[in-house]
Amino acid sequence: MKSYKILLMMLVFCMACIWAEDAYPHGKEKHVDKSTETVAEPKDKGIEEKAVALPPVSHEGHGHTKIVKTGSFNAIQIGEKQGYNVAVVFAGFNAVVWGLVSFYWRERDRDG
Amino acid sequence: MVDKFKESLGINSFHYQIPSHANKIPYTLGGITLISLVILFISGFILTQFYNPAVSDANKSISYIKDEVYLGWFIRGIHYWAVQIITVTVSLHLIRVFLTASYKKPREFTWLSGVLLLSLAGGFIFTGTVLKWDQEGYEALHHHLWAMEKLGAIGNIFSSEFSRVNILGRFYTLHISILPILTIFLLSVHVFLIKIHRISPLPSGGEERMVDFTSHIRQLIKYGLFTLLIISIFALIIEPSLGGEPVEGIEVTKPPWMFLWLYSLENIWVYSLIFAPFIIFTPLILLPFFDRNSSIKLGERKTAIAVFIIIFLIMIGLIINGMITSAGHHMG
């Protein structure tokens, strides 16, 4: 078997292991104190707040301001999201496959 | 064994000759768009498992996807960034087709199906924005309903009064069912016509080396993997925006960047919201039927190229204008 095929299969296997470890951490029957587990970030992360005066039609108590939450882009802090490491491995895996495929097909495409 | 499968599945029919320039990046933009569309469909299919189009829960269900669902934030990021990539590749594809005069006889209907696909892409982005059901989505819907009301009987089918089902649910149906079906149909027509009329020649002309079509597929796989990589990296680094529950009766947001040209026109004259899409799409649809110049050489199409450059610069100017102006109130 060609070496790149072996490498690809190893990559797929490694990624599956990392995903399984991340998605099913209790499979090993580890007793983890739930209070120390990683929790998701607060839901309003990435939300920008704007104070606007509401028109009478939409708000009975007109004349004062209300906070409107509008979206804004949020730079993700590495590791704060659930399964971040798996996503990084996925991107890395994709980069390696792309590199391998480009390298392997380089000769064939040069010949047309 | 493999050869038998190749024969049974008709894979051998892919071995036909195409000009070598088909493997250059400008001629693979359509293919890259197609691959991005596949990524979009797969990520969208996963998101539908967790999204709820009920008005009371739509925004919350997206918060749930990005904060609670395992890798939900990543899938949502991939879905969002695939749309951005598609917008760029589709625009570049259109520019390339125009500059190389690939819309001319006998490829008029290939162009026409492409323009219709472009309008469907706009529909996808618009309905997707509304489905977020945050302030941006709500305001987008409000603008849509205003335009439909002004259109009278024509706009009635797209108004909230047409059906007792809430309009968010109907937009969801459009986004995940009607638009994808239309897209797949038009895409099939588009690809079929490309196969029939073959890759358009280079405007510079001359004899060209021919290559096997399978080399084009390999090239698309390479570019497709690279596109997925770029989308993944963006999804890892930047999370798409999501606001809180919308507040009625106010306008404090701007549309996504690909609609900013329309937003700028709306700032000048609010009825542009209705007329501008027609003004843009009608000439695009009619272009191959009105442009009777048979030459495909750039130097012999000076008028067409000049008009195109002017329109292109106006669009870029309007988008930049939309970026730098602050959000304003348009609807009555």
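Residues numbered from 1 in each chain as written. Chains lettered and ligands numbered in written order. Predicted model: local features only at pLDDT ≥ 70, side-chain atom pairs only at ≥ 80, totals over all residues.

Novice: What am I meant to see in the overall build of chain B here?
Specialist: The helix and strand inventory of chain B stands at eleven helices and three strands. The order of α-helices and β-strands along chain B, N terminus first, is α-β-α-α-α-α-α-α-β-α-β-α-α-α. Taking 20 Å as the expected radius of gyration for a compact globule of 332 residues, we find that chain B reaches 22 Å, a close match to that expectation. Sequence-distant contacts in chain B: of pairs separated by 6 or more residues, those separated by 24 or more amount to 81%. (Helix = DSSP H or I, 4+ residues; strand = E, 2+ residues; numbered from the N terminus. Rg over C-alpha atoms; globule rule 2.2 N^0.38 Å. Contact = placed C-beta atoms within 7 Å.)

Novice: Can you help me understand helix H3 (residues 58–67) of chain B in this one?
Specialist: An α-helix turns once per 3.6 residues; consequently, residues spaced three or four apart project the same way. All names here are of chain B. Taken as a whole, H3 has its buried residues at Ala 58, Asn 59, Ile 62, Ile 65 and Lys 66. Angular distribution of buried residues about the axis of H3 spans 115°; they occupy a single face of the element. Turning to H3, the residues buried within the fold contact helix H2 (29–48), helix H4 (72–99), helix H5 (108–131) and helix H7 (167–197). (Buried ≥ 20, exposed ≤ 12 C-beta atoms within 10 Å, placed from the backbone. Arc of directions from axis to C-beta.)

Novice: How should I be thinking about the confidence of the model for chain A in this particular structure?
Specialist: Predicted coordinates in areas of low pLDDT are best not read in detail. Residues and elements named next belong to chain A. Mean pLDDT for chain A: 64, with 37% of residues reaching 70 or above. Ranking the elements of chain A by mean pLDDT puts strand S1 (residues 47–53) last, at 53, and helix H2 (residues 84–111) first, at 83. Ignoring residues within four places in sequence, the model shows residues 27–46, a span with pLDDT below 50, making 18 contacts including any to other chains. This model gives residues 53–64 a pLDDT under 50, and the stretch forms 17 contacts once residues within four places in sequence are excluded. (pLDDT = per-residue confidence, 0-100.)

Novice: What is the right way to read unusual backbone geometry from this model?
Specialist: Excluding glycine, residues mostly have negative phi values, and the peptide bonds linking residues are mostly trans. All names here are of chain B. Following Lys 105, the chain continues into Pro 106 via a peptide bond in cis, with omega recorded as 10°. Turning to its location among the elements, Pro 106 is positioned in the loop between H4 and H5. Of note in the backbone geometry, Leu 71 takes a positive phi value of approximately 65° without being a glycine. Residue class for Leu 71 comes out buried when judged on the 21 C-beta atoms lying within 10 Å of it. Within the chain, Trp 133 stands out as a residue other than glycine whose phi angle is a positive 55°. Take Trp 133: it is sitting in the loop between H5 and helix H6 (135–151). Owing to 29 C-beta atoms within 10 Å, Trp 133 belongs among the buried residues under this scheme.

Novice: It is not clear to me how the environment of Ile217(B) should be interpreted in this structure. Could you clarify?
Specialist: Structurally, Ile217(B) is set in helix H8 (residues 213–237). Residues Ile217(B) and Ile199(B) lie 18 residues apart in sequence; the distance between their C-alpha atoms is 14 Å.

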